[in-house]
Amino acid sequence: MRKLFSILCFLFLAGALAAQADTVQAVHCERYLLGGNVQYGFLWSHRYNMGHLVKKHLVAGEIDVWHTTNGDQSWHCPFHYPWTGMTLVCIPLGNPDELGTAIGLYPFINFPLGKRDRKFKLNMRYGWGIGWLTNPFDPIENHKNVAIGSHLNTCFVLRLNGMWKMSERSNMEFGLGMTHFSNGAMRLPNLGINLPMLSVGYNYEISRNQCRKRSDAYCNRIACNDSLMADHTWHFSAIIVTGMNDIDPPGGGRFGVLNLLTYAMKQTQRKARFGCGIDVMYSQAIQHKLVYDSVNVNAFGALQPGFKLCYELVLGRLSLPAEMGVYLYSRYKDNGPVYNRWGLRYLLGKHTELDFSLKTHFAKAEYFELGFGWRI
């Protein structure tokens, strides 16, 4: 799974956004827009054994529903009133026999790169949702598709786009980005499909609500209500997550995961949290591989404790975590000593939170995680 390029770009974006000054008093209108775009690109053959899948360049289409933020939530002001929305994308992959068509449905956030309202403005779109591939790997009928082993996948989009304001109600959009489909090793093969794409589009305002004036003091006050800014102290949390993954060869079997993730985090600004933590991870797949390699272990011998450094991009109660850890002990060495985690985390209340994340080893996915935690 080749997701490293997109992740690095996202972290660069997070740092750039965090470095900008917060928006001061301004009038913002909540608007709804309908639009679409046409894309042109290619299938990136990022592994030596994927070259036979590339047949021709790709032409794709998207339909978007946009919503402009108005300052009612704490993260609107510090990120300069992003646009949010939902996108349906259809991408014929240029190889109907082996790859077919990729279809994605994903929510997105369009982060403005700068706080000034200009006629032409750069933004960064971040989207993550579900994807469907019509022709996945099949050992008998489609054995040449070494990229994806399942119909159901995740769809990840990172795109630099420029918005040109044509009139009070309409905009042209020009973009350059990456669209990625993968299943997080739920079913092998899972090399992933990476699609660098150019896009041009148009959107038109279909509805507008009352315009409001939001001050920076107001934004700071509501930020304390749904984040960890109120007391500027360290907070501790523990999350139990579970997951499942496949192992080589394709069809080798599904194996469960049970992990305990702990955190010590401090939020010093409205956009970010920093901290560290200890993980205790157990995967049935790791135990199976150790036994297969004639390593005599029980369930405790397959445990993988780790220490990690953590960062979260904060969007109110929702956050986007990025973690880098190192195994303190692991008898399984094939994945190396370093692991990563990317995902979504949501504060349900003052103490409870939900977690959906992907554990990787740099660009190689290991498994998706879904869990529930408690924060103090």
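Coordinates for the structure precede this section.
Residues numbered from 1 in each chain as written. Predicted model: local features only at pLDDT ≥ 70, side-chain atom pairs only at ≥ 80, totals over all residues. Heavy atoms only, no water.

Peer 1: Just give me the short version of the overall build of the protein, but keep the residues and values in it.
Peer 2: When you go through the protein residue by residue, the secondary structure sums to three helices and 18 strands. Out of the 376 residues in the protein, the part that is buried amounts to 54%. Long-range contacts, defined here as pairs at least 24 residues apart, represent 64% of the contacts in the protein between residues at least 6 apart. Carbon and sulfur atoms make up 65% of the accessible area of the protein, which totals about 16900 Å². (Helix = DSSP H or I, 4+ residues; strand = E, 2+ residues; numbered from the N terminus. Buried < 20%, exposed > 50% of the residue type's maximum accessible area, 1.4 Å probe, protein only. Contact = heavy atoms within 4.5 Å. Areas by Shrake-Rupley, 256 points an atom, 1.4 Å probe, with all protein chains shown as cover.)

Peer 1: I'd like a description of the pairing of strand S17 (residues 352–361), backed by residues and values.
Peer 2: Burial analysis of S17 places eight of its 10 residues in the buried class, which makes it a mostly covered element. Strand direction decides the pairing type here: strand S16 (residues 338–347) and S17, joined by eight bridges, are antiparallel. Across the sheet, residue Leu-347 finds its bridge partner in S17, namely Glu-353. Where S16 folds back on S17, the antiparallel hairpin that results is connected by four residues. Bridge count for S17 against strand S18 (residues 364–375) is 10 bridges, and the pairing is antiparallel. When the bridges of S18 are listed, Glu-353 appears paired with Gly-373. In this antiparallel pair of consecutive strands, S17 and S18, the connection spans two residues, and Phe-362 shows a positive phi of 60°. (Pairing = 2+ DSSP bridges.)

Peer 1: Account for the pairing of strand S7 (residues 152–165), naming residues and giving values.
Peer 2: Among the 14 residues in S7, 10 count as buried, and that is most of the element. Note: strand S6 (residues 120–133) against S7, 13 bridges, orientation antiparallel. From the neighbouring strand, Gly-129 faces S7, where its bridge partner is Cys-155. Relative to strand S8 (residues 170–182), S7 is paired through 12 bridges, and the arrangement is antiparallel. In the sheet register, Cys-155 faces S8, and the bridge partner there is Phe-181. Joining the antiparallel neighbours S7 and S8 is a turn of four residues.

Peer 1: Lay out the sheet that holds strand S12 (residues 254–269) with the relevant residues and their values.
Peer 2: Taking strand neighbours around the barrel as the criterion, the eight strands line up as S11-S12-S13-S14-S15-S16-S17-S18 in a closed arrangement whose pairing is antiparallel. The sheet shows a mean angle of 25° between the axes of neighbouring strands, taken without regard to direction. As judged from the 13 bridges shared by strand S11 (residues 234–246) and S12, these two strands associate in the antiparallel manner. By the bridge assignment for S12, Val-241 is matched with Asn-259. Against the sheet, helix H3 (residues 284–292) makes contact with S11, S12, strand S13 (272–283), strand S14 (304–315) and S18, and its axis sits at roughly 45° relative to S13, the strand it touches most. (Axes fitted to C-alpha atoms, helices over the stretch in contact; angles between N-to-C directions.)

Peer 1: Please provide a residue-by-residue account of the packing of aromatic side chains, values included.
Peer 2: Considering all chains together, one arrives at nine aromatic pairs under this definition. Summarising the aromatic geometry, the rings of Phe-79 and Phe-111 are spaced 5.4 Å apart at their centres and angled 55° between planes, so their arrangement reads as tilted. In this pair, Phe-79 is assigned in the loop between strand S3 (58–68) and strand S4 (83–92) and Phe-111 in strand S5 (residues 101–112), connecting sequence segments 32 residues apart. For the ring pair Trp-128 and Phe-356, a centre distance of 5.6 Å and an interplane angle of 45° mean the geometry is tilted. One end of the pair, Trp-128, is in strand S6; the other, Phe-356, is in strand S17, and 228 residues separate them in sequence. The class for Trp-128 is buried, based on a relative accessible area of 12%. Taken together through their ring pairs, the aromatic side chains of Trp-66, Trp-83, Tyr-106 and Phe-108 make up a single cluster. Between the NZ or CZ atom of Lys-359 and the centre of the ring of Tyr-339, over which it lies, the distance is 5.4 Å. (Phe/Tyr/Trp six-rings, centres within 6.5 Å; stacked < 30°, edge-to-face > 60°. Lys NZ or Arg CZ within 6 Å of the ring centre and 35° of its normal.)

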